[in-house]
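Report on the structure
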Amino acid sequence: MEPTGSPTPARPVQVTVTGAAGQVGYALVFRIAAGDLLGPDQPVVLRLVEIDQAMPALEGVVMELEDCAFPLLSGVVATADLDVGFEGSSWALLVGALPRRAGMERSDLLGANGAIFGPQGRAIAAHAAEDVRVLVVGNPANTNCLIARSNAPEVPADRWFSLTRLDQNRARALLAKRSGVPVQEVTNLAIWGNHSTTQYPDFANARIGGRPATEVVGDRAWLEGEFTSTVQTRGAAVIKARGASSAASAASAVVDSVRSIRLPTPEGDCASLAVVSRGEYGVPQGLQFGFPVLTDGRSWRVAEGFVHDDFARERLRATAEELEAERAAVKDLLGPAA
Ligand code: NAD
Ligand code: LMR
């Protein structure tokens, strides 16, 4: 009798990481190679993109990846050529960009970083796999994502995401600490709008142990004040303390985001992702806007039924206005799909 063979191994998925020699990149690529992003049975090829000056450092990262002997790592491509970097890519994680320094707002980076994302959008459209999904991390992430998306009209608008998961994780951790519960008991926490100080961490629709967070915390002034501003300014606090911006927590949020796109959203929860606005909740169309998102693992939609009082409506208005101003500031970088 023929021995029963082991199942055919899955084909490797190509995952592109730009800025792979940088801090976030360094914290991210080993987690992808270990299977955290796409699961323990899915081999990956890492396509690592850097600028010419950083290629020597990237070679060191490649050596370390090899030295880990990860069973799921089928190959590594290190390149400064965007066409090569995005070839066949199913997941494009756009990290490569300057980080801000103490005293700067993320939008101060638009001048330096915005121009990176048009060419990357075009290269993704020309070379990536049919199923490509893109997650922008480089700041200001929402508007950089808009720039890339608008330059890639061939790639459907629902394939473009930017990171608000780090804010969601921060907000959940803060509510869990305040309430003395494990973090997984804090659910349905949406981050609305921009990954900036105008974002709205939506405590009013969040739940703790299944109950409204407002009831469990019992201190509306703290929620509107210290809680909201701590989440909004946490990135700057990390920069002040570390002398460099968040890296491990950012990489972890990237892993969480991709998993929340790939896997069905648990009942009663939502994923925080910045996605293209189609006018939901009165948000201007076309902005890359942080929403609560529900997925079934194949497609996503903005969650319905979030209730906003005057405080929340004012926060949504302010963050949308900021994103509209950023969109106007980069109008020369926007492509045909803006
Ligand atoms: P870093 O300076 O350590 O690394 C950035 C890397 O990007 C460098 O290696 C650089 O050579 C590379 N790079 C620059 N231009 C590039 C290009 N055109 N193509 C490819 N690579 C390029 O910075 P970092 O700490 O890793 O942060 C990277 C970006 O991520 C920054 O913009 C930072 O603000 C942002 N960030 C965003 C979040 C978020 O939640 N959205 C969180 C953390 C960091
Ligand atoms: C963060 O939120 O930690 C990142 O966006 C980095 C920054 O500039 O704050």
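Residues numbered from 1 in each chain as written. Chains lettered and ligands numbered in written order. Predicted model: local features only at pLDDT ≥ 70, side-chain atom pairs only at ≥ 80, totals over all residues. Heavy atoms only, no water.

1. Some remarks on the packing of helix α6 (residues 165–179) against helix α10 (residues 248–262)
Put simply, the rule is: Fitting a line to C-alpha atoms yields each axis, with helices limited to the stretch in contact; the angle taken between N-to-C directions then spans 0 to 180 degrees. Helical segments are the DSSP runs of H or I of at least four residues, strand segments are the runs of E of at least two, and each set is numbered from the N terminus. Between 65 and 115 degrees an angle is taken as roughly perpendicular, under 35 as roughly parallel, over 145 as roughly antiparallel, and anywhere else as oblique. Here a residue-residue contact requires only that any non-hydrogen atoms of the pair lie within 4.5 Å. The residue classification treats Ala, Val, Leu, Ile, Met, Phe, Trp, Tyr, Cys and Pro as nonpolar and Asp, Glu, Lys and Arg as charged. All others, Gly included, are polar.
Close contact between α6 and α10 brings their axes to 8 Å; oriented N to C, the two are set at 105°. Accordingly, the angle class assigned to the pair α6 and α10 is roughly perpendicular. In contact with Arg165, Leu166 and Asn169 of α6, α10 contributes Ser249, Ala250, Ala253, Asp256, Ser257 and Ser260. A per-class count over the contact of α6 with α10 returns 3 nonpolar, 4 polar and 2 charged.

2. Observations regarding the pattern of salt bridges
Using the following cut-off: Definition used for salt bridges: Asp or Glu carboxyl oxygen within 4 Å of a side-chain nitrogen of Lys or Arg. Exposed residues in this analysis have more than 50% of their type's maximum accessible area, buried residues have under 20%, and partly exposed residues fall in between, with area computed by a 1.4 Å probe over protein chains only.
Per the counting criterion, the structure on display carries 12 salt bridges. Where Asp36 meets Arg31, a salt bridge forms, and the shortest distance between an N and an O atom there is 2.8 Å. Since its relative accessible area comes to 28%, Arg31 is described here as partly exposed. One salt bridge connects Glu324 with Arg327, and the closest N-O pair in it is separated by 4.0 Å. Of the two residues, Glu324 and Arg327 are both situated in helix α11 (residues 310–329); the distance of 3 residues between them amounts to about one turn of the helix. The partly exposed category is assigned to Glu324, whose relative accessible area is 36%. One connected set of salt bridges, linked through shared partners, spans Arg220, Glu224 and Asp309.

3. Overview of the pairing of strand β1 (residues 13–18)
Heads up, the condition is: Two strands pair under a simple rule: DSSP has to find at least two bridges between them. Here the term right-handed applies to a crossover when the path leading from its first strand over the helix to its second strand runs clockwise, the strands being oriented away from the viewer.
The buried fraction of β1 amounts to 6 of the 6 residues, a majority that puts the element mostly inside the structure. On β1, burial covers both faces: Val13, Val15 and Val17 on one face and Gln14, Thr16 and Thr18 on the other are all buried. In the sheet, β1 pairs with strand β2 (residues 44–49) via 6 bridges, with the strands oriented parallel. Note on β2: the bridge partner recorded for Val17 is Leu48. Tracing the backbone out of β1, into helix α1 (residues 23–33) and back to the parallel element β2 gives a crossover that is right-handed. Two strands pair when backbone bridges link them, and β1 and strand β4 (residues 91–94) are joined in this way by 4 bridges, in the parallel orientation. Paired with Thr18 across the two strands is Leu94, which belongs to β4.

4. Quick look at the packing of helix α4 (residues 110–127) against helix α5 (residues 141–150)
So the rule is basically this: We call a crossing left-handed when the near helix sits turned anticlockwise from the far one by less than a right angle, and right-handed when that turn is clockwise.
Two elements in contact, α4 and α5, have axes whose closest approach is 7 Å; the angle formed by their N-to-C orientations is 35°. Judged by the sense of rotation from one axis to the other, the crossing of α4 with α5 is right-handed. Listed contacts from α5 to Leu110, Asn113, Gly114, Phe117, Gly118 and Gly121 of α4 are Thr143, Asn144, Ile147 and Ala148. Here the contact of α4 with α5 is composed, by residue class, of 4 nonpolar, 6 polar and no charged.

5. Description of the site of ligand 1
Keep this limit in mind: Summary of the distance rule: residues count as near a molecule or strand when at least one heavy atom falls within 4 Å of that molecule or strand. N or O atoms closer than or at 3.5 Å make up a polar contact, with two conditions inside protein: a donor-capable atom paired with an acceptor-capable one, and, for residues adjacent in sequence, both atoms drawn from side chains. Surface accessibility follows the Shrake-Rupley procedure with a 1.4 Å probe radius. Residue values consider only the protein chains on display as shielding. For each domain, the first and last residues come from an automatic or database assignment.
Near ligand 1, the surroundings consist of 27 residues, among which Gln23, Val24, Glu50, Leu98 and Asn139 are the closest. Contact between ligand 1 and His195: an oxygen atom at 3.1 Å from a side-chain N or O atom of the residue. Taking 850 Å² as the accessible area of ligand 1 by itself, protein coverage stands at 87%. Considering every element that reaches the shell around ligand 1, the biggest residue donor is α4, with 3 residues. Here the residues of the shell around ligand 1 sort into 15 nonpolar, 11 polar and 1 charged. Structurally, the shell around ligand 1 is a two-domain feature, drawing no fewer than three residues from each of domain 1 (13–163) and domain 2 (165–331).

6. Topic: the site of ligand 2
If you check the shell around ligand 2, you find Arg100, Arg106, Asn139, Leu166, Arg170, His195, Gly235, Ile239, Ser245 and Ser246 and nothing else. Contacts to ligand 2 include Ser246, whose side-chain N or O atom sits 2.7 Å from an oxygen atom. In the complex, the protein chains occlude 94% of the 260 Å² of accessible area that ligand 2 would expose alone. Those elements that place two or more of their residues in the shell around ligand 2 are α6 and α9 (234–242). Each residue belonging to the shell around ligand 2 can be placed in one class, and the counts come to 2 nonpolar, 5 polar and 3 charged.

7. As for the packing of aromatic side chains
Threshold: Pairs were defined over the aromatic rings of Phe, Tyr and Trp, the Trp ring being its six-membered one, requiring ring centres within 6.5 Å. Orientation was assigned from the angle between planes: stacked under 30 degrees, edge-to-face over 60, tilted for the rest. Our definition puts a charge over a ring when NZ of Lys or CZ of Arg is within 6 Å of the ring centre and also within 35 degrees of the ring normal.
For the structure shown, the criterion picks out 11 aromatic pairs. Ring geometry for Phe203 against Phe311: centres 5.9 Å apart, planes inclined by 45°, an arrangement best described as tilted. In this pair, Phe203 sits in the loop between β9 (200–202) and β10 (207–208) while Phe311 sits in helix α11, placing the two residues 108 residues apart along the sequence. For Phe203, a relative accessible area of 0% corresponds to the buried category. On the basis of relative accessibility, which here comes to 17%, the residue Phe311 falls in the buried class. Site record: aromatic cluster; members linked through ring pairs are Trp192, Tyr281, Phe289, Phe291 and Phe306. Of note, Arg178 hangs over the ring of Trp222, and the distance from its end group to the ring centre comes to 4.3 Å. Against the face of Phe311 rests Arg315, its NZ or CZ located 4.3 Å from the ring centre.

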